[in-house]
Amino acid sequence: MQTQLEQETGLRIGPYPVDPPVVLAPMAGITNLAFRKLCREFGSPTAIYVCEMITARAVVERNEKTLHMMSFDEGESPRSMQLYGVDPATLGEAVRIIVGEGWADHIDMNLGCPVPKVTRLGGGAALPYKRNLFARIVREMVRAAEPAGVPVTMKFRIGIDDDHQTHLDTGRIAESEGAAAVALHARTAAQRYSGTADWSAIARLKEAVTTIPVLGNGDIFSAADAVAMMAQTGCDGVVVGRGCLGRPWLFGELSAALQGEPAPVPPTLGEVGAILARHAGLLAEHHGEEKGMRDLRKHMAWYFMGFPLGADLRRSFATVSSLVELGTLIDQLDPTVAFPQDAEGPRGRQGSPGKVALPHGWLDDPEDGTVPAAADVMHSGG
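As recorded by an unreviewed UniProt entry, the chain carries the name tRNA-dihydrouridine synthase and is attributed to Nocardia jinanensis. The Sequence similarities (unreviewed entry) field of the UniProt record for the chain holds the comment "Belongs to the dus family." Under Function (unreviewed entry), UniProt gives the following word-for-word description of the chain: "Catalyzes the synthesis of 5,6-dihydrouridine (D), a modified base found in the D-loop of most tRNAs, via the reduction of the C5-C6 double bond in target uridines."

Below, the structure is given as structure tokens:
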């Protein structure tokens, strides 16, 4: 018998059912082919797992590093890609190339990045403030993707800061220009990843955008958080980012919670070691062993968060350089140690709020549709 939550969901993004209604957020340097595959092995094959951010100009230039970042696993479906850009013409051309080459089944637009090198050029979280420019971008991307039946979605923040909130206009513009869904990270760009996400902003967006799905993002660190967000805001699905760092099995917990099933038992330290070994093997296949091991190091503190490892062993994991060395270190773990309760909370970057770097005069006229000078520089990916 279906629960009420199951009956009320039924999320679709374009032609793709998203069941349970869970999306892995694109994270630079994290959501490569290996990590997405690992998350999918724990979660539902019909959830959506988004590739790390890709720069539109690099797609147009067919940059070699970017093409590697755009790799998808055999059988991965839908193949979901996030683009970054500021120029409607470049973004439209990038989408035409992607759908023409059959490289992706779903394209998301990055309007949430708060990093100064991005917002200083008018990109990421700065862009939605310019309503006409944003509308042209959505229009060009949707028009380019439509012939192939590829849905285009938008992920954005509440606004630049508390005095320049844009999410309701951004949602309405995306809806009117043909976006298939919108997702809100319920923080301003000035907050970055600090403080607490304002889930009430997701509820307001859901009231404003009525004909396409609205997804919520921000502070989902457990399956209970996802259930609570959907109940409190009425959103159609959740986008999970930092909560799954070092914890890809969160997608199994999310599937269970959103389908009304018993929660799986959290992994012991021995099981975490086996998951880490699987992640390492997938990274070595994707990048080669040397680069794969370098990439893996950033995940170590997340995997072992809260576990009693000891400083020396923890340091050895953080500097691991080969699969053989990793196996030797994993063998030193006590496999019986239970998953620590204090590892359930926030993880990943948090930092502190700060002033958002913007192009000169950016806030003077929100109706100005001019593409910022030097915004569309060549960049090899996220």
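**Re the overall build of the chain**
Helices and strands together make up the secondary structure of the chain, namely 16 helices and 13 strands. Relative to the compact-globule value of 21 Å for 382 residues, the chain shows a C-alpha radius of gyration of 20 Å, a close match. Counting every position in the chain, which comprises 382 residues, the buried fraction comes to 56%. Counting only contacts in the chain whose residues sit at least 6 apart along the sequence, the fraction spanning at least 24 positions is 74%. Total accessible area on the chain is roughly 15,300 Å²; 51% of this is exposed by carbon and sulfur atoms. Here the chain carries 35 positive and 46 negative side-chain charges, and the mean point of each set is 5 Å from the other.

**Thoughts on the pattern of salt bridges**
Going through the model one piece at a time under the given rule, you end up with 21 salt bridges. A salt bridge links Asp 73 to Arg 40; the shortest N-O distance between them is 3.0 Å. Of this pair, Asp 73 sits in the loop between helix H4 (64–69) and strand S6 (80–84) while Arg 40 sits in helix H2 (residues 33–42), and the two are 33 residues apart along the sequence. What emerges from the salt-bridge pattern is a single network uniting Arg 36, Lys 37, Arg 40, Asp 73 and Glu 76.

**Notes on the sheet that holds strand S8 (residues 152–157)**
Taken in spatial order, the nine strands of this open sheet run S4-S3-S13-S12-S11-S8-S7-S6-S5, and their pairing is parallel. Pairing within the sheet leaves two strands with one partner each, and these edge strands are strand S4 (48–49) and strand S5 (54–55). As judged from the four bridges shared by S6 and strand S7 (residues 106–111), these two strands associate in the parallel manner. Paired with Met 81 across the strands is Ile 107, a residue of S7.

**Some details on the UniProt feature "domain: DUS-like FMN-binding" (unreviewed entry) in the chain**
The residues that UniProt annotates with the feature "domain: DUS-like FMN-binding" (unreviewed entry) are residues 24–327. The distance from the first to the last C-alpha atom of residues 24–327 is 28 Å, and the span holds 45% helix and 13% strand.

**Some words on the UniProt feature "binding site: FMN" (unreviewed entry) in the chain**
UniProt records the feature "binding site: FMN" (unreviewed entry) at Pro 26, Met 27, Ala 28, Gln 82, Lys 155, His 185, Gly 241 and Arg 242, using the numbering of this structure. Locating Pro 26 in the fold gives a position in the loop between strand S3 (22–24) and H2. Discounting chain neighbours no more than four positions away, the residues touching Pro 26 are Thr 31, Val 50, Cys 51, Glu 52, Met 53 and Gln 82. Tracing the backbone through its elements, the reader meets Gly 241 in the loop between strand S13 (237–240) and helix H11 (250–258). For Gly 241, the residues in contact, after removing those within four places along its chain, are Ala 25, Met 27 and Asn 217.

**Description of unusual backbone geometry**
Cis geometry is found at the peptide bond from Asp 19 to Pro 20, where omega equals -5°. Despite not being glycine, Arg 192 shows a phi value in the positive range, around 55°. Positionally, Arg 192 belongs in the loop between strand S11 (181–185) and helix H9 (199–208). Even without glycine at this site, Asp 219 takes up a positive phi of about 65°. Within the element layout of this structure, Asp 219 appears in the loop between strand S12 (214–217) and helix H10 (223–233). Overall, the relative accessible area of 16% leaves Asp 219 in the buried class.

**Observations concerning the packing of aromatic side chains**
With the rule as written, the count across this model stands at four aromatic pairs. For the pair Phe 304 and Phe 317, a centre-to-centre distance of 4.6 Å together with 50° between the ring planes defines the contact as tilted. Residue Phe 304 is located in the loop between helix H14 (300–303) and helix H15 (311–318), and its partner Phe 317 is located in helix H15; the two are separated by 13 residues in the primary sequence. Phe 317 carries the same exposure label as Phe 304, and that label is buried. Aromatic ring contacts, followed pair by pair, group Trp 249, Phe 307 and Phe 339 into a single cluster. The lysine or arginine in question, Lys 130, covers the ring of Trp 362, its NZ or CZ lying 4.9 Å from the ring centre. The ring of Tyr 193 carries the charged tip of Arg 157 above its face, separated from the ring centre by 5.0 Å.

Parameters and conventions
Residues numbered from 1 in each chain as written. Predicted model: local features only at pLDDT ≥ 70, side-chain atom pairs only at ≥ 80, totals over all residues. Heavy atoms only, no water. UniProt positions renumbered as here; feature names shortened; annotations may be inferred. Helix = DSSP H or I, 4+ residues; strand = E, 2+ residues; numbered from the N terminus. Rg over C-alpha atoms; globule rule 2.2 N^0.38 Å. Buried < 20%, exposed > 50% of the residue type's maximum accessible area, 1.4 Å probe, protein only. Contact = heavy atoms within 4.5 Å. Areas by Shrake-Rupley, 256 points an atom, 1.4 Å probe, with all protein chains shown as cover. Lys, Arg positive; Asp, Glu negative; His and termini not counted. Charge placed at Lys NZ, Arg CZ, Asp CG, Glu CD. Salt bridge = Lys/Arg side-chain N within 4 Å of Asp/Glu carboxyl O. Pairing = 2+ DSSP bridges. Phe/Tyr/Trp six-rings, centres within 6.5 Å; stacked < 30°, edge-to-face > 60°. Lys NZ or Arg CZ within 6 Å of the ring centre and 35° of its normal.

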